[in-house]
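# Descriptive analysis of the structure
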Amino acid sequence: MFNKTVSGTLLIAGTTIGAGMLGIPLLTAKAGFIPGVGITVLVWLFMLATGLLFLEATLWMHEGANVLSMSRRFLGRSGKAAAGATFLFLYYCLMVAYYAGGAPIFSAFLGISGIWGMVAYGLLFGAIVAVGLKFVDRINYLLMAAMFLGYFALIGTGASEVSASRFKDGNFYEVIFAAPILFSSFGFHNVIPSLVDYFHRDVRVLRKSIFYGTTISLVIYLIWQWLIIGAVPLSAIEDALSQGKPATAALQTLTGNPWVMTFGQFFAFFALVTSMLGVAFSMVDFLGDGLKIDRKGKHRILLCIVIFLPPFILTAIDPNIFVTALGFAGGFGEAFLNGLIPVSLVWVGRYIRKLGGRELVPGGKIMLGLLFALAMAVAAFEIVFVISS
């Protein structure tokens, strides 16, 4: 039980902590630290609840089922088409962000410049995903350990730069602009169908993994915002945002400390690749489910090529696409796929199909209605923001 829970927790946390984290303080900094804490906790609660709803819906399905099969069963053909299109949009946006953020660091480490560094990056991590989930699980242990090492080293070296005076101002109006990127930062729902099969439908392990994994992410995000907002002038953060660079770039330009720069790149790289692996292997299951093809051998290799090739092309065209990709993923993709869809699936399963089973989120119809309304509000806000910008 312990080993399963630890494994599940790390897979959830590894999928959650990724590219989004490197963009969070770029947007919460305008609002201030206290408003940033408030919106971060609210988004965590929302995504925790909808993740448990998605788990509840997955447990009604047969082994190997993914969001396409679930949407077809509970929401019909139109629901399946909408969910499938949104899934591809969301996770390709995230894969683009992982490429844009991780490939330059990887290229610099290898001493390879330009397109060949991107090729090597895709080949290495595509090959890991192609081997299978068990191998990804083992690699994830090592990558998560490296990520935490880099994170705590970065916090330790950068904490001396934090100034309490930067925490005084707050603008709760500005904080709403951080919601989309926070949604993408707490996204883990895509790995739930894979974990349900991997842990043989052990609800206790799955619930604990979701709660512990997202809670670890929450704590790390809050400390991260404390460091960036407290140590980096707002002007430097705005420069990083305008250039489409992650928060570690703003921290590095501030201090000039070689250790901060080294730990910043070390942490950023492992945060990106742990999340990328979780997204990539979930996309393998999604496409295999949708196309009704085997997810082993040469078919799995083909699926990995389909998953890694488009992000490689888009990043090669626009290397500064990092923050833009995250914003689209969170505002549109997460709000719909990981907000509206889980609520709708469970509503139909509980109250129309009356499938029964354990209700993993209390509150009945009132809670489901509230979660649905919040997801609609975030999606609508992102549409207005994109049109007006």
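### Some points on the environment of Ile-220
Looking at where Ile-220 falls in the secondary structure, it is placed in helix H9 (residues 203-231). The exposure class of Ile-220 is buried, given its relative accessible area of 6%. Distance in space between the C-alpha atoms of Ile-220 and Phe-148 is 9.5 Å, their sequence separation being 72 residues. Residues in contact with Ile-220, not counting those within four places in the same chain, are Ile-17, Met-21, Phe-148 and Tyr-151.

### Description of the packing of aromatic side chains
If you walk through the whole model with that rule in mind, you get 23 aromatic pairs. Arranged with centres 3.9 Å apart and planes meeting at 10°, the rings of Phe-87 and Phe-286 form a pair that is stacked. Here Phe-87, found in helix H4 (residues 67-110), pairs with Phe-286, found in helix H12 (residues 258-291); they are 199 residues apart in sequence, far enough to count as distant. The two residues Phe-87 and Phe-286 agree in class, both being buried. Consider the rings of Tyr-121 and Phe-125, whose centres lie 5.4 Å apart with planes at 65°: the pair is edge-to-face. In this pair, Tyr-121 and Phe-125 are both assigned in helix H5 (residues 115-131), 4 residues apart and thus about one turn of the helix distant. The two residues Tyr-121 and Phe-125 agree in class, both being buried. Here a set of aromatic residues connected by ring pairs shows up, and it is made of Tyr-99, Phe-106, Tyr-121, Phe-125, Phe-266, Phe-269, Phe-270 and Phe-312. Between Lys-365 and the ring centre of Tyr-351, over which it is positioned, the NZ or CZ distance is 5.1 Å.

### Focus: the pattern of salt bridges
For the structure on display, the rule yields 2 salt bridges. The salt bridge involving Glu-56 is made with Arg-350; its shortest N-O contact spans 2.9 Å. Taken together, the residues span a long stretch of sequence, with Glu-56 in helix H3 (residues 33-58) and Arg-350 in helix H14 (residues 322-352) at a distance of 294 residues. For the residue pair Glu-56 and Arg-350, the accessibility class agrees, reading buried in each case. Residues Glu-359 and Arg-350 are paired through a salt bridge, measuring 3.7 Å at the closest nitrogen-oxygen approach. For Glu-359, a relative accessible area of 45% corresponds to the partly exposed category.

### Here's the deal with the packing of helix H6 (residues 133-158) against H9
Between H6 and H9, whose axes approach to 11 Å, the crossing angle comes to 30°. Relative to H9, H6 is oriented roughly parallel. Crossing angle aside, the handedness with which H6 passes H9 is left-handed. Where H6 approaches H9, its residues Phe-148, Tyr-151, Leu-154, Ile-155 and Gly-158 are matched on the opposing element by Ile-216, Val-219, Ile-220, Ile-223, Trp-224, Leu-227 and Ala-231. When its residues are assigned to classes, the contact of H6 with H9 shows 11 nonpolar, 1 polar and no charged.

### Side note on the environment of Leu-206
Positionally, Leu-206 belongs in helix H9. Taking the C-alpha atoms as reference points, Leu-206 and Leu-195, 11 residues apart in sequence, are found 7.6 Å from one another. In contact with Leu-206, other than residues within four places in its own chain, are Leu-55, Leu-195, Val-196, Phe-199 and Arg-201.

### Describing the side chain of Thr-5
Along the chain, Thr-5 turns up in helix H1 (residues 2-16). With a relative accessible area of 9%, Thr-5 lands in the buried category. Those residues in contact with Thr-5, other than ones at most four positions away along the chain, are Val-205, Lys-208, Ser-209 and Tyr-212.

What counts and how
Residues numbered from 1 in each chain as written. Predicted model: local features only at pLDDT ≥ 70, side-chain atom pairs only at ≥ 80, totals over all residues. Heavy atoms only, no water. Helix = DSSP H or I, 4+ residues; strand = E, 2+ residues; numbered from the N terminus. Buried < 20%, exposed > 50% of the residue type's maximum accessible area, 1.4 Å probe, protein only. Contact = heavy atoms within 4.5 Å. Phe/Tyr/Trp six-rings, centres within 6.5 Å; stacked < 30°, edge-to-face > 60°. Lys NZ or Arg CZ within 6 Å of the ring centre and 35° of its normal. Salt bridge = Lys/Arg side-chain N within 4 Å of Asp/Glu carboxyl O. Axes fitted to C-alpha atoms, helices over the stretch in contact; angles between N-to-C directions. Parallel < 35°, antiparallel > 145°, perpendicular 65-115°, else oblique. Left-handed = near helix turned anticlockwise from the far one by under 90°. Nonpolar A, V, L, I, M, F, W, Y, C, P; charged D, E, K, R; others polar.

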